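# An overview of the molecular structure
Each chain is listed here by its residues.
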Amino acid sequence: MRHIIQWNKKPLTSEENRIANFILAILFAIIIISVCTLTYMFNMYFGHIQIYCTDDFEISEYIAEIQRVPERVQKSFIINLGTVSIEKEAIEEHNKQTGTNSVGMYSFGGNKIWLLKSNATLHEFGHYVNDHLNEDYTARIESCYEKEGTQHFDSRALANNTKYIYVDGKRTVYLKDDEILGYSEKVDSYPADEYYYDFTQEETPYPQLGQYATTSSEEYFAEYFQYWIKNKDNTKEMEKLKKATPETYALFEELEDNDWGMINTLKEKILDKLVTIKYE
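Residues numbered from 1 in each chain as written. Predicted model: local features only at pLDDT ≥ 70, side-chain atom pairs only at ≥ 80, totals over all residues. Heavy atoms only, no water.

### Thoughts on the overall build of the protein chain
How we decide: In this text, helices come from DSSP runs of H or I with a minimum length of four residues, and strands from runs of E with a minimum of two, each type numbered from the N-terminal end. Burial classes follow relative accessibility: with a 1.4 Å probe on protein chains only, a residue under 20% of its type's maximum area counts as buried, one over 50% as exposed, and anything between as partly exposed. To measure how exposed things are, a 1.4 Å probe is used in the Shrake-Rupley method; for residues, cover is taken only from the protein chains shown.
When helices and strands are tallied, the protein chain shows 12 helices and 7 strands. Taking all 280 residues of the protein chain together, the buried fraction comes to 40%. Put simply, the protein chain shows about 16800 Å² of open surface, and 53% of that area lies on carbon and sulfur atoms.

### Quick word on the nonpolar core
General note: in soluble globular proteins, nonpolar side chains tend to be found buried as a group. For clarity, the threshold we go by: The definition of a nonpolar core used throughout is a set of buried Ala, Val, Leu, Ile, Met, Phe, Trp, Tyr and Cys residues joined through side-chain atoms within 4.5 Å. The criterion used for residue contact is that any of the two residues' heavy atoms lie within 4.5 Å.
Counting residues in each nonpolar core, the largest one holds 46 residues, and the members touching the most others are Val84, Phe125, Trp228 and Trp260. The element that contributes the greatest number of residues to this core is helix α9 (residues 217–231), accounting for 7 residues. Dropping the residues within four chain positions of it, tryptophan 228 is found in contact with Met238, Leu241, Tyr249, Phe252, Glu253, Glu256 and Trp260.

### Some words on the pairing of strand β4 (residues 112–115)
Residues in a regular strand project their side chains so that they alternate between the two faces of the sheet. In plain terms, the rule: A pair of strands is considered paired only if DSSP assigns at least 2 bridges between the two.
Note that strand β2 (residues 83–86) and β4 share 4 bridges and pair parallel. In the strand pairing of β4, valine 84 is matched with isoleucine 113. Two elements, strand β3 (residues 104–107) and β4, share 4 bridges in a ladder whose sense is antiparallel. From the neighbouring strand, tyrosine 106 faces β4, where its bridge partner is isoleucine 113.

### Details of the packing of aromatic side chains
The condition that has to hold: Two rings from Phe, Tyr or Trp (for Trp, the six-membered ring) form a pair when their centres are within 6.5 Å of each other. A pair whose planes differ by under 30 degrees is stacked, one over 60 is edge-to-face, and the rest are tilted.
Evaluated as defined, the whole model comprises 14 aromatic pairs. An angle of 35 degrees between the planes, with centres 5.0 Å apart, marks the rings of phenylalanine 221 and phenylalanine 252 as tilted. With phenylalanine 221 in helix α9 and phenylalanine 252 in helix α11 (residues 246–257), this residue pair connects regions lying 31 residues apart in the sequence. Relative to tryptophan 228, the ring of tyrosine 224 has its centre 6.4 Å away and its plane inclined at 25 degrees; by these criteria the two rings are stacked. In this pair, tyrosine 224 and tryptophan 228 both sit in helix α9, 4 residues apart, roughly one turn of the helix. Each member of the pair, tyrosine 224 together with tryptophan 228, is buried. Aromatic rings pair up to connect Tyr145, Tyr220, Phe221, Tyr224, Phe225, Trp228, Tyr249, Phe252 and Trp260 into one cluster.

### Section: the confidence of the model for the protein chain
Close reading of the predicted structure is inappropriate where its pLDDT is low. Our working definition: A residue's pLDDT is the confidence the predictor assigns to it, expressed on a 0 to 100 scale.
Mean pLDDT for the protein chain: 77, with 71% of residues reaching 70 or above. In this model, residues 1–5 is a region of pLDDT below 50 whose contacts with residues beyond four sequence positions or in other chains number 0 contacts. Predicted confidence is poor over residues 155–201, with pLDDT under 50, and the contacts of this stretch with residues over four places away or in other chains come to 89 contacts.

### Section: the pattern of salt bridges
Short version of the rule: Criterion for a salt bridge: a side-chain nitrogen of Lys or Arg within 4 Å of a carboxyl oxygen of Asp or Glu.
This structure, assessed with the given rule, holds 7 salt bridges. A salt bridge links arginine 140 to glutamate 254; the nearest nitrogen and oxygen atoms lie 2.9 Å apart. Here arginine 140 is found in helix α7 (residues 135–149), whereas its partner glutamate 254 is found in helix α11, with 114 residues between them in sequence. For glutamate 254, a relative accessible area of 33% translates into the label partly exposed.

Here is the structure:
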């Protein structure tokens with residue numbers, strides 16, 4: 001044993017040094033090649049948003065909308081193997097069964113988006129974000145909806161205290177006959193003391209979030225997300241939004257600062273470093 005210890009303490013010869021360095025170089029090269037290969041294979045499988053588009057649609061306008069989605073949300077969508085299908089059949093069947101007129105759908109828990117029109121893209125990705133938030137955020141969203149989301153943000157509801165409203169520059173007047181459907185019956189005149197609002201003007205004193213936002217906390221979040229992304233560089237519109245919905249606005253500021261609540265698990269954090277976003 002003493003001889004072995006003494007042998008180990010002996011310095012390596014130049015020949016032994018060359019062999020050791022050669023072996024280390026080979027091992028290092030193997031590690032580098034393995035990492036590069038695994039990264040390449042990962043990106044071949046995970047590194048792009050899976051988009052299925054039928055011949056009826058121009059995919060570029062949909063990709064342009066997807067690119068507006070925050071990067072961390074896109075990466076989370078990729079990591080969770082999300083897919084975007086741009087086609088008519090599934091949405092038309094859904095509309096037929098539900099009697100609705102949707103232009104987009106999201107499968108809660110399924111990470112799948114269907115699109116008929118590109119302007120529904122941000123709304124449906126809003127559903128994806130909402131679907132992947134933790135319970136604390138979900139509870140806060142529901143609270144914001146109860147306090148602020150049941151307000152109306154479009155022309156029909158702002159005139160909720162009256163039966164009449166202008167809807168075009170010609171001062172055509174419509175009678176409100178339904179809370180949701182709005183103003184459908186045209187009338188020739190209205191009482192002089194009735195309140196009205198002309199929403200044909202370019203500037204409105206409220207955020208045009210849309211009445212669909214009032215139907216549920218999920219739709220409220222999706223509409224708010226779409227409005228936030230579209231108007232985040234528009235100071236006037238964001239000020240209107242903040243004034244009308246201060247609690248929801250503060251929550252969205254927090255979400256944006258926190259990467260929209262995405263990439264939380266160790267697996268997601270590791271894979272997030274490897275993802276390079278592509279659109280295929």
